[in-house]
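Now for the letters of each chain:
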Amino acid sequence: AWIPKKKGLQDVGIKKNLRSPGVMITQFIETLPEGKSHPDFTRKPIALTIQEGKFAFFKAIVTGDPQPTVTWSRNNGDVSDTSRYQTKYDPNSNEHTFEMPNVKPDQADTYKCFATNEFGQAIVTVVLNVIEGKDCLLSIDDKLIKIRPKAEQPERKEGEIDPKFWELLISAEKKDYERICSEFGVTDFRWMLKKLNEMKKEREEEQAAFVKNLSNLKPIEVNPDGIASFEIDMDLIDPSSSIFIYKDGVMVPYTKELGDQMKHSLKQVGRKYIFSVRDLMPDDAGLYQLDVGDVNMFSTDFKIPMVDFLVKIQEVKAIEREDAVFECVLSNPFSKILWFGKNLPLEQGDKYDIQVSEDKLIHRLVVKDCMVVDKGIYSACAGIKSCNAWLIVEADKDAPKGKKSARKTTRAGGSGVDLQKVAQEQQAKLEKDREERKEQIKVAKEAAAAAPPPESPPATAGVKTEVASTGKKNLCMHSNVNMEPGITCGLSDIYALRGNPAELSVKMNMDRDGSWFKDGEQLNSGAGVNIKKDGTSHKLTIQSCRDDDSGVYRFVSGDQNTQGKVTVGDVPEFDPDDLHKFSKPVIIRVGQNAAFKMPFPPQESLVVSWFRDGTEIKDGGGVKIVREPNHSRLLLRDCLRTDAGEIKIQLKNPFGAVEATSQLIVLDRPGPPEGPVETVETTSSIIEIKWNPPKDDGGSAVTNYIIERQQAGQNLWTKLGDVSADKTSFRDRNVTHGKKYNYRIYAENPEGLSDTLETTDSIMAGIMILSGPPGAPKVVSATKSCIKLTWSPPEDDRGVPIIGYQLEKRKKDTNQWIALNAVKEPIEDVNYAVKDITEGAEYEFRVSAINESGSGDPSPPSEMVCAKNPNMRPCFKDPEDFIVVRAGNSVRIKICYEAEPPPQITWLKDDEPISPWFHIVNTEGMSQLVIPSSKRSDSAIYTIKAKNSVGEASFDIEVRVTDEPKTPGPVELEQTVQGKVVISWAPSPDEELDDRLYYMVSQRDSNTRMWKTVADRLFTKTYTAINILPGIEYHFRVYAKNDMGLSDPSQSPTWGVNNNRVNSTNVCFERPPSILVPLKVHTPPKGYQLYMTCAVRGCPTPTVSWYLNDVCINFDNNYYITNSFGVCSMFILRVRQQDSGNYKVVAVNSLGKAECSTKLIVKGKVNLL
């Protein structure tokens, strides 16, 4: 609907934008100027639910020409306070941002974003929800358990159960109860079940206030695509209820609209809600809870085991019907990992064998009896770590053709390394780590036992001593001189650089002697070791650390002792050749992968990190980081220009760190030249334009610019030339005065052409010269669907050739002229048929001449004309005057006509009114007479009459209802003249009912044995056959024929040999039928062809019939049966199981009968390979 605008006489149209649902667009004029557009949102603000005190913001991107102005408002309040509301615009990304720092609960509201220009306005609404309070937890008055953030959890008393235990039980299945109780140390199951039932009942009562039904609770798990998700089905009572997600009691921000772009997303499909976590990291583990309002609906615990792949699965190439093996080794024992094939989970069964070693470090997947369909990508997932590889299945070239190859006993694949050795080394390493941890715990307990009682306050502060070159400090405790001897500052583990000094220091609470030991052996000063005592301080100095200085050092004084471990090593270092090779820049093109590899000597406790422009690069997404014992690789997939920069690898161990730097250069075609295109000069013969260089040269310098031109109104772009990179202007000297041109410019570098910079408006050569008005349009004819117009060219074209015309229409009682064609699509002739009209409406028209400068002055309007058909007498269009119908079928007589005004239709039968059983269907321009079930008596002349105020017309249609004729009567033969035979017959019973019935005569002689038609369209009942020769037998057949076809024939007596027989000798050739060659037994496979034959003789020629299980099959279309001079054949194209049985051939003539039989056995189906 169009709503008048308050200012001016323009109209305002309101329409829903199809590209961005939820945007209301108000257009101020019906037809936008060429090249202009109303505002629209290409990115809408997203609804936000946020915690009080956080930073809230909305972002939007708008389009429109001219550039729209963007403003923000809220339904219940003002947004002018700049301390609470800030509006920003980024010209590079074209983003408009509305920010609310430190958001408050009173700012929760519905906000609107307005984008306005002179042609329209676009509005979008967005809701901000603010959660009050800092903990975002359930109310303290709630009786059920609540999960607090870890920082706010109170210290539990001994024997108190973790609240997380109850939350997991409420959402878990019964089969998981025992496992959860074992994890939390609960052994009283009877008490647990009783308590759980009470809590479940209370929770369900609270949930009933928000949901109607809750089902299909699926705990969180990692999917094949590396995304963790959990699902829940629920029917919300109020669909607008707020849904919150918590992790360990802390609210998780998520999105519903950008699920593929943000880490957390909540997707709704019908009544199913799916929460997903992307780019998994170890800190994503925790208890996830879904709340509706302030009531918990579902809780699930996400555990991420600390495990990695020491040996990953490798690509396997297998031959068809061979087993394929994928195997890997883990860094920690894992009872079961997940295997996936082509993104589908795999389970133990007939097809797949999943094996785990006794130490649970080696895992194998065996794909049994590989076929081509098993080809694809297979992956192994352990926690959040995964690896994948291809399975390629090749056809068995040695397999016999047409047969299935035998199952092979060989296996393809494997990792190519000694997995058992790798697993044993890892097992030894894990055992060593466990022993070290036990030793550390033991030392800590001994140190705690040697410490003074806590109620005795220290008299002097302990002294902290740094270990040389490491910055590590010894464990110091306070002491009191009045107490029993004790160590106040003991030893700790230190790392010392090879060749540098190291110092161990012990502080006691009184002056006492002590001894130093290394790996159980007592140490004395000398040989690079210096032991010194200064009062209560004891020091051991290693002057220059060597590898054999590593060990466990222990200080003993009386019954007091302390120990620490000294590890001697070096800062990691790179090989100079590898460092030089790595420092060379890596140059790639956009879309390619960039790979960096840095070898280094194998070391323990080595941390490898990669950085780009000072920011650490994490594994995931388009980044793949591979860490091997002696090297590390970085792979950046599908690089963009923004990925270019400094790439750095850092090796770090307890002794220090070393770095190596390289450069990544990503080459691309340049960005488009900077606009807008400016017109420097325009004359009748020259147009000069200029532009600015592109912001991004694509990594290599721009070499030149290419300029193309398009004449306004045409589609062809023509290259004008190119200019060097230091010149950003171009003069076009090949222009025509008055014509408009569009230009576009490309920037070119060695990588290719940039996107184009185009002129926003066409540029005219010289000044605009418009044509004068043409003559007023004249109406040639008018109907309800078309009005034909003609006009005369303008008297003054003002020296510029006319290329066409623009036609406009105006409906009566309106002021708006509507163009029927665009200026770019001119009407080339001076006449036009207008079809965009409404029946019964009145219109007037005007026309303007179009030249190269545009549309000129409009002509005077035409006379008002009404869109309706002119009055005319009825006339019929291409009717049929004769119709033949088989008796019993329906008769449909369809007659089309033209008349204005619509006529009155009348049907007659033989000039009499038709029967009420007949149906008449009248529509606009057509009338139809229907006789549902016709009889011979319905044959007649039917007349249709059409009459209106202008005149009348009628038309006759002959309808003949008939059927196939009956057979003529007996045929008689008589010879009156030598060589001629008169054939006569009795008439067909249908001759009296059908005046179009006639007869046809066929003849066959004993020489040719072929029937041929000798007479047709006979309306008499006699015919004289000529050229009748003696000694030859003749047979004649007489058929009745009408519009529906032929009758069955009436056979004549035999004429010929018997009639002219010479009675000198009594010779008889007649004999009963006999079988010359019998049928044979056939056993073809199912689907094969079958050809069965036998030979029969007899005189007269016997009639041969075929039988299957005593059922005649002569007329069955599944069998092709022939009889050629006594050779009887039966052919089956593809034998079926039901074709099996006893087949019999029976030959019969007037003298007797002969028969033979056989059996057909169809074998089962044969598999063809």
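In this text the structure is predicted, and so the values were computed from the model without any measurement.

For this particular structure, what's the right way to read the overall build of the chain?
Along the chain, the regular secondary structure elements total 5 helices and 88 strands. The C-alpha radius of gyration of the chain comes to 51 Å, more than 25% above the 32 Å expected for a compact globule of 1169 residues. Based on the C-alpha atoms only, the size of the chain along its principal axes is roughly 165 × 100 × 70 Å. Per-residue burial over the chain gives 39% buried out of 1169 residues. Here the contacts in the chain between residues at least 6 apart in sequence split such that 62% fall between residues at least 24 apart. Surface accessibility of the chain: about 66,000 Å² in total, with carbon and sulfur atoms responsible for 49%. Mean positive and mean negative side-chain charge positions of the chain (151 and 164 charges, respectively) differ by 4 Å.

Help me understand the nonpolar core in this model?
Ranked by internal contacts, the top residues of the largest apolar core, which has 25 residues, are Phe326, Ile337, Trp339, Leu365, Val367, Tyr378 and Leu391. Elements with a minimum of two residues in this core: β21 (316–319), β22 (323–330), β26 (362–367), β27 (376–382) and β28 (385–394). For Tyr378, the residues in contact, after removing those within four places along its chain, are Ile313, Phe326, Phe340, Gly341, Leu346, Tyr352, Leu365, Val367, Cys387, Asn388, Ala389 and Leu391. Of all hydrophobic cores here, the second largest spans 24 residues; its members include Phe230, Ile232, Val252 and Tyr273.

So what exactly am I meant to see when it comes to the packing of aromatic side chains here?
For any pair of aromatic rings, geometry is given as the distance between the ring centres together with the angle between the planes. Scanning all chains against the criterion turns up 23 aromatic pairs. Each ring, one from Phe98 and one from Tyr111, has its centre 6.0 Å from the other, and the planes form 55°; the classification is tilted. Taken as a pair, Phe98 in strand β9 (residues 95–100) and Tyr111 in strand β10 (residues 109–117) lie far apart in primary sequence, 13 residues in all. Comparing Phe98 with Tyr111 shows no difference in burial state: the two are buried. Plain terms: the ring middles of Phe326 and Tyr378 are 5.4 Å apart, the flat faces sit at 25° to each other, and that makes the pair stacked. Taken together, the residues span a long stretch of sequence, with Phe326 in strand β22 and Tyr378 in strand β27 at a distance of 52 residues. The same class applies to Phe326 and to Tyr378, which are both buried. In this arrangement the basic side chain of Lys648 is found over the ring face of Phe611, its NZ or CZ atom lying 5.3 Å from the centre. Over the ring of Trp1011 we find Arg1037; its NZ or CZ atom is 4.0 Å from the centre of that ring.

Just checking my understanding: could you explain the UniProt feature "domain: Ig-like" (unreviewed entry) in the chain for this structure?
Per the UniProt record, "domain: Ig-like" (unreviewed entry) is annotated on residues 39–125, 870–962 and 1072–1161. What you have in residues 39–125 is 0% helix and 59% strand, and the ends, taken at the C-alpha atoms, are 15 Å apart. When the span residues 870–962 is considered, its composition is 0% helix and 63% strand, and the gap between its end C-alpha atoms is 43 Å.

Is there a simple way to think about helix α1 (residues 163–171) in this case?
Since the α-helix packs 3.6 residues into each turn, any two residues three or four apart lie on the same face. A large share of α1 lies buried, amounting to 7 of its 9 residues. For α1, the full list of buried residues reads Phe165, Trp166, Glu167, Leu168, Leu169, Ile170 and Ser171. Here the buried face of α1 lies against α2 (177–184), α3 (189–207), β18 (286–292) and β19 (295–302).

I would appreciate a short explanation of the sheet that holds strand β37 (residues 551–557) in the present structure.
By way of backbone hydrogen bonds, the strands of a sheet pair with one another, either parallel or antiparallel. One open sheet accounts for 5 strands, arranged β31-β38-β37-β33-β34; its pairing is mixed. Every other strand in the sheet has two partners, leaving β31 (494–497) and β34 (521–523) as the edge strands with one partner each. Going across the sheet, the axis of each strand differs from the next one's by a mean of 35°, ignoring polarity. Pairing between strand β33 (residues 515–518) and β37: 4 bridges, direction antiparallel.

Honestly, the UniProt feature "domain: Fibronectin type-III" (unreviewed entry) in the chain in this entry has me stumped. Any pointers?
The UniProt record marks residues 672–768, 773–870 and 967–1060 with the feature "domain: Fibronectin type-III" (unreviewed entry), using the residue numbering of this structure. Counted over residues 672–768, helix gives 0% and strand 53%. Its end C-alpha atoms are 31 Å apart. Here residues 773–870 is 0% helix and 41% strand, with 31 Å between the C-alpha atoms at its ends.

Honestly, the side chain of Arg960 in this entry has me stumped. Any pointers?
Looking at the element boundaries, Arg960 is found in strand β72 (residues 952–962). With sequence-adjacent residues up to four places away left out, Arg960 is seen in contact with Phe882, Ile883, Val884, Val885, Ser939, Asp994, Asp995, Arg996 and Asp1043.

Reading the values: rules and limits
Residues numbered from 1 in each chain as written. Predicted model: local features only at pLDDT ≥ 70, side-chain atom pairs only at ≥ 80, totals over all residues. Heavy atoms only, no water. Helix = DSSP H or I, 4+ residues; strand = E, 2+ residues; numbered from the N terminus. Rg over C-alpha atoms; globule rule 2.2 N^0.38 Å. Buried < 20%, exposed > 50% of the residue type's maximum accessible area, 1.4 Å probe, protein only. Contact = heavy atoms within 4.5 Å. Areas by Shrake-Rupley, 256 points an atom, 1.4 Å probe, with all protein chains shown as cover. Lys, Arg positive; Asp, Glu negative; His and termini not counted. Charge placed at Lys NZ, Arg CZ, Asp CG, Glu CD. Core = buried A, V, L, I, M, F, W, Y, C linked by side-chain atoms within 4.5 Å. Phe/Tyr/Trp six-rings, centres within 6.5 Å; stacked < 30°, edge-to-face > 60°. Lys NZ or Arg CZ within 6 Å of the ring centre and 35° of its normal. UniProt positions renumbered as here; feature names shortened; annotations may be inferred. Pairing = 2+ DSSP bridges. Axes fitted to C-alpha atoms, helices over the stretch in contact; angles between N-to-C directions.

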